[in-house]
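Residues per chain, in single letters:
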Amino acid sequence: MDAPANLPVAVIGAGPIGLAAAAHLAERGIKVKVYEAGKSVGANILDWGHVRIFTTWEQSVDAASRRLLERHGWMLPRPAAPPTGAEIVRDYLRPLAAVPELGGIIETDATVIAISRAGLDKVTSKARASKPFELRIVGADGKQRIDLARAVIDASGTWQNPNPLGASGLKIPGEEEAANRIAYGMPDVLGTRRADYAGKRVAVVGGGYSAINVLLDLIRLAREAPGTQAIWVVRGTDMNRIYGGGPADQLEARGALGTRLRQSVEQGRIQLVTGFRANALRQQGDGLELVGATEAGDGVLPPVERIVVATGQRPDLDMTRELRLELDPWLESVKALGPLIDPNLHSCGSVPPHGHRETAHPEPGFYTIGVKSYGRAPTFLLLTGYEQARSVAAALAGDLEAADDVHLVLPETGICSTDGAADAAGCCGGPAPAGTGACCVTDVVAKSAGKSGCGCGEAA
């Protein structure tokens, strides 16, 4: 027996993926309630509102959300232009939250601190699926309350849980003491945080696109504010993988970022330090010294005045402690996606089509979608989350035919590669088919489990 159908489906997070889930549910006539911890929809995105994303407007809007908006006269902004985070919130998410179909279902400043089954702890199995979910909510008044739901879609993301500076995955000695001079993520160094970085020597730690965006902004700041210096610190040594596919990247804006950064390094506008794994931070006069391990032994970088840690994020699993989740052991993604997105195996940036079955857990009626479904993996795109939301909504409506009919073709990075395990597994004798971005990972996983491979890009 399922939980009472008269209760709403709870959606945690009012970002693009959470609101997409709400739009699909509303379109199917399913009662829904959205909880957003921030002060407004898209609150996490506003933290990096100054950043222009890779995908165009056409690729950044969910289909059901677009149908709801266009019903009320909305028009898609410049379809071929990539928007900034602030533009996504202003021109898409806020208008979407205001449509009558979603009216009254979105509660901002509402933090979900814990989820369980009503009257049952994690251990109890009897009649579990028949019990509603119990959500502990802290509202705008600071008081805690209990809401019930028949199903839960966790689209809360990972932005508020940044990875620390330490290469070991833990905060390093001195990191907390220097917190007032460390920023995590993508600070607006040309705007609201300009005074913190202008004329300063800044270390940017990380090898992903967040780090690249900050570095390119620091180069621009250096032209306007003499004395501004950027030191780029990366743990790896394969710079081709970090710079990306350039012209071969099917997302032009993404490829261009890496190309610009490579040129800036070659021209000496950025000081690059590779193979450096920070393990301590110490005060040296007015500066901060990063201490770390290198292939040549322990090393110390020259003092800097500011540090930007752009080493990714990780999911916050505290609120789901009383639920039966099945997660990848090291990525903390939904388990089914782990082998397909593991950066230890490949650098594709895309996965085969997947939906409600892959984002579900042993806890009946609970789904993890959006960037949180990827755990610590850095390759999520909005298109992936939108298809997850559509499939889960269809499953909750009982339309399994639509839920299982998943379609997902993501732009290739142009650096699709696997490690030696792929070659050992055979990797189909060639590259993955165009558009799949699967990089033969399914074959690697299947063969590592003692099974025969099923063909590049196909589901095992």
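Quick look at the structure, then. (Residues numbered from 1 in each chain as written. Predicted model: local features only at pLDDT ≥ 70, side-chain atom pairs only at ≥ 80, totals over all residues. Heavy atoms only, no water.)

1. Quick notes on the sheet that holds strand β16 (residues 366-368)
Alright, step 1. The parallel open sheet is built from 5 strands, whose spatial order is β3-β2-β1-β7-β16. The sheet is open, and its two edges are formed by β3 (106-107) and β16, each paired on a single side.
Alright, step 2. Sheet analysis places strand β1 (residues 9-12) next to strand β2 (residues 32-35), joined by 4 bridges and oriented parallel. Bridge assignment links Val-11 to a residue of β2, and that residue is Val-34.
Alright, step 3. Helix-sheet contacts for helix α1 (residues 16-27) involve β1, β2, β3 and β7 (151-154), and the interaxial angle to β1 is about 160°. (Pairing = 2+ DSSP bridges. Helix = DSSP H or I, 4+ residues; strand = E, 2+ residues; numbered from the N terminus. Contact = heavy atoms within 4.5 Å. Axes fitted to C-alpha atoms, helices over the stretch in contact; angles between N-to-C directions.)

2. Points about the nonpolar core
Alright, step 1. Core analysis: the largest hydrophobic core is formed by 88 residues, its most contacted members being Leu-25, Tyr-92, Ile-153, Leu-218 and Trp-232.
Alright, step 2. In this structure, Ala-203, Leu-281, Leu-288 and Leu-301 belong to the second largest nonpolar core, which totals 18 residues. (Core = buried A, V, L, I, M, F, W, Y, C linked by side-chain atoms within 4.5 Å. Buried < 20%, exposed > 50% of the residue type's maximum accessible area, 1.4 Å probe, protein only.)

3. What to know about unusual backbone geometry
Alright, step 1. One non-glycine residue, Asp-109, lies in positive phi territory at about 55°.
Alright, step 2. Counting through the fold element by element, Asp-109 comes out in the loop between β3 and β4 (111-117).
Alright, step 3. In this structure, Ala-127 takes a positive phi of about 60° despite not being glycine.
Alright, step 4. Position of Ala-127 among the secondary structure elements: in the loop between β4 and β5 (133-138).

4. Quick notes on the pattern of salt bridges
Alright, step 1. Across all of its chains, the model carries 25 salt bridges by this definition.
Alright, step 2. For Asp-399, the salt bridge identified is with Arg-28, shortest N-O distance 3.2 Å. With Asp-399 in the loop between α11 (382-396) and α12 (400-404) and Arg-28 in the loop between α1 and β2, this pair connects stretches of sequence that are 371 residues apart.
Alright, step 3. The exposure class of Asp-399 is partly exposed, given its relative accessible area of 26%.
Alright, step 4. For Arg-28, a relative accessible area of 37% gives the class partly exposed. (Salt bridge = Lys/Arg side-chain N within 4 Å of Asp/Glu carboxyl O.)

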